[in-house]
Amino acid sequence: MAALDLFGRRWSLRIVWELRAGPMGFRALRQQCDAMSSSVLRQRLTELLEARLVHQLPDAAYALTALGREAHQALLPLDGWARQWAEEVSAHSAADHAP
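Read on for an overview of the structure. All of these numbers come straight from a predicted model, not from anything done at the bench. (Residues numbered from 1 in each chain as written. Predicted model: local features only at pLDDT ≥ 70, side-chain atom pairs only at ≥ 80, totals over all residues. Heavy atoms only, no water.)

Let us look at the overall build of the protein chain. Across its full length, the protein chain holds 5 helices and 2 strands. When the elements of the protein chain are put in sequence order from the N terminus, they spell out α-α-α-α-β-β-α. Scaling as 2.2 N^0.38, a compact globule of 99 residues should have a C-alpha radius of gyration of about 13 Å, whereas the protein chain reaches 16 Å, well beyond that. Once the C-alpha set of the protein chain is aligned to its principal axes, its extents read approximately 60 × 25 × 25 Å. Looking at the protein chain as a whole, 29% of its 99 residues qualify as buried. Considering only residue pairs separated by 6 or more positions, the protein chain has 44% of its internal contacts joining residues 24 or more positions apart. Carbon and sulfur atoms make up 55% of the accessible area of the protein chain, which amounts to about 6,800 Å² in all. (Helix = DSSP H or I, 4+ residues; strand = E, 2+ residues; numbered from the N terminus. Rg over C-alpha atoms; globule rule 2.2 N^0.38 Å. Buried < 20%, exposed > 50% of the residue type's maximum accessible area, 1.4 Å probe, protein only. Contact = heavy atoms within 4.5 Å. Areas by Shrake-Rupley, 256 points an atom, 1.4 Å probe, with all protein chains shown as cover.)

Here is the structure:
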């Protein structure tokens, strides 16, 4: 249940998703997350650090831990489903608006 609480918080999944490609500094991560507020990003990073999904490198960049990479892998099926769902919704919407 704790994982659902953590990932249910706004931006938590997005941060894990954005760090999938590698380490990122605070400012770059904030930009990737649609310029969310600094205070919210700091809070979410603290929570992800405490959950051992993210760690901070000596150069102050943030990166996924092994657990964080596993969490990202667990999200891939949801990402696939979301893409399929979006296509279906879009196709259905286009069909509803066809002359």
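Text resumes after the structure shown.
Time to look at the side chain of threonine 65. Mapped onto the elements, threonine 65 comes out in the loop between strand E2 (62–64) and helix H5 (66–96). Residue class for threonine 65 comes out buried when judged on its relative accessible area of 15%. Look past the residues within four positions of threonine 65 in its chain and what remains in contact with it is Arg52, Leu53, Val54 and His55.

Now for the packing of aromatic side chains. Counted by the stated rule, this structure contains 1 aromatic pair. Pairing tryptophan 81 with tryptophan 85 gives two aromatic rings, centres 5.8 Å apart and planes at 10°, and the pair type is stacked. One end of the pair is tryptophan 81 and the other is tryptophan 85, both in helix H5 and 4 residues apart, which spans about a single turn. Stacked on the ring of phenylalanine 26, the Lys or Arg arginine 42 has its end atom at 4.4 Å from the ring centre. (Phe/Tyr/Trp six-rings, centres within 6.5 Å; stacked < 30°, edge-to-face > 60°. Lys NZ or Arg CZ within 6 Å of the ring centre and 35° of its normal.)

Moving on to the pattern of salt bridges. In the structure shown here, the tally under the stated rule is 5 salt bridges. Between arginine 9 and glutamate 47 there is a salt bridge, with the nearest N and O atoms lying 3.7 Å from each other. Of the two residues, arginine 9 sits in the loop between helix H1 (2–8) and helix H2 (12–18) while glutamate 47 sits in helix H4 (residues 38–50), which places them 38 residues apart along the sequence. Overall, glutamate 47 belongs to the buried group, its relative accessible area being 13%. Among the charged side chains, a network of salt bridges with common partners joins Arg9, Arg44 and Glu47. (Salt bridge = Lys/Arg side-chain N within 4 Å of Asp/Glu carboxyl O.)

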